[in-house]
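Close look at the chain arrangement
So the chains spell out like this:
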Amino acid sequence: MRRSLPISVLIMAALLLGPPVPLAAQGEDGNPYEEAAGGEAAEDEDVYRTVVKDKKEEEFEEVPTQSLTKDEVLKIPGTGGDLLKSVQNLPGTARAPAGSGLLVVRGSAPGDTLITLEGHPIPLVFHFGALTSVINTELIDEIEFVPGNFPVRYGRATGGLINVATKLDIPEKWTGAIDVDFVDAGLFFKGKITKKAMIAGSFRRSYIDAFLEHVIPKDMGVGVTAAPVYYDYQIMSLVKPTDRDELKFIVAGDDDRLRLLFEAASEGDPGFVGSFGAHLGFHVFQAHWKHVFKKGIAYHASVQTGYEGLGGDIGPSVSFEFNNFILSHFQTLTFPLSDAIEIKV
């Protein structure tokens, strides 16, 4: 007695094996859907053969990371040779209005984008008016821009990531440069202390307040006491005690001040007299230790401390000031698997 298979078994077999292809519709090379070389397909009998196709390989999309070097920035118009200002020209970014210097990445709020110096967060990236950045370009190796899907250790951000990386090497001799333009003036130096140690530094200050008081007409009733004034500084040192160890120390800071003195009441608002001022700045210290074990395994430990301040006053009776203590640290252990793959924990 013949027994028929349950319908559920037949449906499962059809799903796993795929639709059958008539053997008569195959060519000599076994390729389905091609007519046999002998002419028309045989009509006396139908012979079926199941063709199983391989699964499509999965494609993994890489993180859209972009890196900018100094040589590339010198060729970008409108940046003035400033490496950090070139980030505003990258795809997916937009500039905030009124020259605030804030970055809008993929439509997110400016505060949602994380800005780091050697992996540690810093509160500012541009001075007042976005005229220049707070880090000297001569001390920057490259800028890593990740508009999204950045590593989990860069937490507390939902927008993008901008990481400023410095690359210090021990030079053969002392070098330096002086930069003077219409907005500010700066000094840069770099030199060797010993065969295994070096130091580099930069200082910059604006002098807009020196000629701004001569530009504003005296009949406006506005006196300029310090409008605006900014300065920044960076001191970095590299020490290589052994061939496998590297110590890096960074001291960086920024100070922006703006103050206007209204000597007489204006026609639009006779009650508004006095001064208007704002102050914003930060000062940080970083220490890094890198050690390379055998087989290329690398360990990196770092800590940052400092403070940031925000303050201002409006007229004789309104003033505010906020100070925040900064403390951050991280440790990473990198295992290289190949030239293109590594595991970082």
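Residues numbered from 1 in each chain as written. Predicted model: local features only at pLDDT ≥ 70, side-chain atom pairs only at ≥ 80, totals over all residues. Heavy atoms only, no water.

1. A word on the sheet that holds strand β7 (residues 120-121)
As a reminder of what qualifies: Pairing between strands requires that DSSP locate at least two bridges from one strand to the other. Secondary structure counts use DSSP, requiring at least four H or I residues in a row for a helix and at least two E residues in a row for a strand, with both numbered from the N terminus.
Read across the open sheet, the five strands follow the order β3-β8-β9-β6-β7; overall the sheet is mixed. Looking along the sheet, the strands with just one partner apiece sit at the ends: β3 (66-69) and β7.

2. Re the environment of R106
Applicable threshold: Buried means the residue's accessible area, taken with a 1.4 Å probe over protein chains only, is under 20% of the maximum for its type, while exposed means over 50%, and partly exposed covers the values in between.
Along the chain, the position of R106 falls in the loop between β5 (103-105) and β6 (114-117). The exposure class assigned to R106 is exposed, which follows from its relative accessible area of 55%. Residues R106 and P147, spaced 41 residues apart in sequence, show a C-alpha to C-alpha distance of 7.2 Å.

3. Section: the side chain of E118
Definition in use: Throughout, a contact is declared for two residues whenever any of their heavy atoms are within 4.5 Å.
Relative to the helices and strands, E118 resides in the loop between β6 and β7. Excluding anything up to four places from it in sequence, E118 contacts N163, V164, A165, T166, K248, I250, Q286, H288 and F330.

4. A short note on the confidence of the model for the protein chain
Heads up, the rule is: A residue's pLDDT is the confidence the predictor assigns to it, expressed on a 0 to 100 scale.
In this model, the protein chain carries a mean pLDDT of 78, and residues with pLDDT of at least 70 account for 70%. Across the protein chain, the secondary-structure element scoring lowest on mean pLDDT is strand β1 (residues 20-22), at 50, and the one scoring highest is strand β12 (residues 197-206), at 94. Low pLDDT (under 50) marks residues 23-28, which in the prediction has 24 contacts with non-local residues, meaning those over four places away or in another chain. When the criterion is pLDDT under 50, residues 32-39 qualifies, and its contacts beyond four places in sequence or with other chains add up to 19 contacts.

5. Section: the packing of aromatic side chains
Which entries qualify depends on this criterion: Ring pairs are drawn from Phe, Tyr and Trp, using the six-membered ring of Trp, whenever the two centres fall within 6.5 Å, and their geometry is named by plane angle: stacked under 30 degrees, edge-to-face over 60, tilted for the rest.
As enumerated under the stated definition, the model contains three aromatic pairs in all. Each ring, one from W289 and one from Y299, has its centre 5.6 Å from the other, and the planes form 75 degrees; the classification is edge-to-face. Within this pair, whereas W289 is found in strand β15 (residues 274-292), its partner Y299 is found in strand β16 (residues 298-314), the two being separated by ten residues in sequence. Measuring from ring centre to ring centre gives 6.2 Å for F320 and F322, while their planes differ by 45 degrees; the resulting arrangement is tilted.

6. What to know about the pattern of salt bridges
Our working rule: Salt bridges are defined as contacts in which a side-chain nitrogen from Lys or Arg sits within 4 Å of a carboxyl oxygen from Asp or Glu.
Scanning all chains against the criterion turns up four salt bridges. K190 is the partner of D169 in a salt bridge, and the nearest nitrogen-oxygen pair spans 2.9 Å. Within this pair, whereas D169 is found in the loop between β9 (161-165) and β10 (175-180), its partner K190 is found in strand β11 (residues 184-194), the two being separated by 21 residues in sequence. On the basis of relative accessibility, which here comes to 40%, the residue D169 falls in the partly exposed class. Two residues, D255 and R257, come together in a salt bridge whose shortest N-O distance is 3.1 Å. Using a relative accessible area of 42% as the deciding quantity, one classes R257 as partly exposed.

7. A closer look at unusual backbone geometry
Here the phi dihedral of E118 falls at roughly 55 degrees; this positive angle occurs in a residue that is not glycine. Of note, the phi angle at K295 is positive, near 65 degrees, even though the residue is not glycine. Inspection of the secondary structure puts K295 in the loop between β15 and β16. Taking the relative accessible area as the measure of exposure, K295 reaches 81% and is therefore exposed.

8. Things to note about a nonpolar patch on the surface
Short version of the rule: Note that patches include only residues with greater than 30% relative accessible area and no salt bridge, and the join distances are 9 Å for like charges and 5 Å for nonpolar side chains (Val, Leu, Ile, Met, Phe, Trp, Tyr). All accessible areas in this document rest on Shrake-Rupley with a 1.4 Å probe, and a residue is counted as covered only by the protein chains that are shown.
Together, F335, L337, I341, I343 and V345 give the surface a local cluster of nonpolar side chains, amounting to about 460 Å² of exposed area. Following the sequence through the fold, I341 ends up in the loop between β17 (318-336) and β18 (342-344).

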